Amino acid sequence: MSRFGIYFHWPFCRSKCPYCDFVSIIGKNIDFQAWRDAYLSVLESYALRTADKKVSSVFFGGGTPSAVDAGMLARVMEKLRSKYVF
């Protein structure tokens with residue numbers, strides 16, 4: 001079984017770093033539920049196309065991890081575990 005890594009662009013930031021070229025969202029009024037639903041939808045789509053592969057890594061990058069709602073992260077990880085072999 002071939003392997004691949006999953007990268008999530010996590011665009012939530014406390015402030016914009018002067019050297020950063022990533023798309024980022026700064027602010028306190030982020031609709032995490034909408035973002036979570038979008039991530040889960042994309043995961044469903046990719047899982048269908050990569051069912052024959054094993055996940056070797058998951059990386060969340062591009063922003064400030066502590067700016068993300070913990071429930072959102074938990075739900076994304078639950079979906080990953082339900083769709084892939086690690």
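The preceding data block contains the structure.
Residues numbered from 1 in each chain as written. Predicted model: local features only at pLDDT ≥ 70, side-chain atom pairs only at ≥ 80, totals over all residues. Heavy atoms only, no water.

Draft legend 1. Spatial organisation of the pattern of salt bridges. One pass over the full model with this rule turns up 4 salt bridges. When the shortest N-O distance is used, the salt bridge between Asp 37 and Arg 36 registers 2.9 Å. What makes Asp 37 partly exposed here is its relative accessible area of 40%. Residue Glu 78 is joined to Arg 75 by a salt bridge in which the shortest nitrogen-to-oxygen separation is 3.6 Å. One end of the pair, Glu 78, and the other, Arg 75, are both in helix 2 (residues 70-83), 3 residues apart, so they sit about a helical turn from each other. Overall, the relative accessible area of 42% leaves Glu 78 in the partly exposed class. Taking the relative accessible area as the measure of exposure, Arg 75 reaches 31% and is therefore partly exposed. Salt bridges sharing partners connect three or more residues here, namely Glu 44, Lys 79 and Lys 83. (Salt bridge = Lys/Arg side-chain N within 4 Å of Asp/Glu carboxyl O. Buried < 20%, exposed > 50% of the residue type's maximum accessible area, 1.4 Å probe, protein only. Helix = DSSP H or I, 4+ residues; strand = E, 2+ residues; numbered from the N terminus.)

Draft legend 2. Structural detail: the side chain of Lys 79. With respect to the helices, strands and loops of the structure, Lys 79 is situated in helix 2. Apart from the residues within four sequence positions on either side, Lys 79 is in contact with Leu 40, Leu 43 and Glu 44. (Contact = heavy atoms within 4.5 Å.)

Draft legend 3. Highlighting the environment of Leu 43. With respect to the helices and strands, Leu 43 occurs in helix 1 (residues 32-49). The spacing of Leu 43 and Ile 6 is 37 residues in sequence and 9.9 Å in space, taken between C-alpha atoms. Apart from the residues lying within four places of it in its own chain, the contact partners of Leu 43 are Phe 8, Val 76, Lys 79, Leu 80 and Tyr 84.

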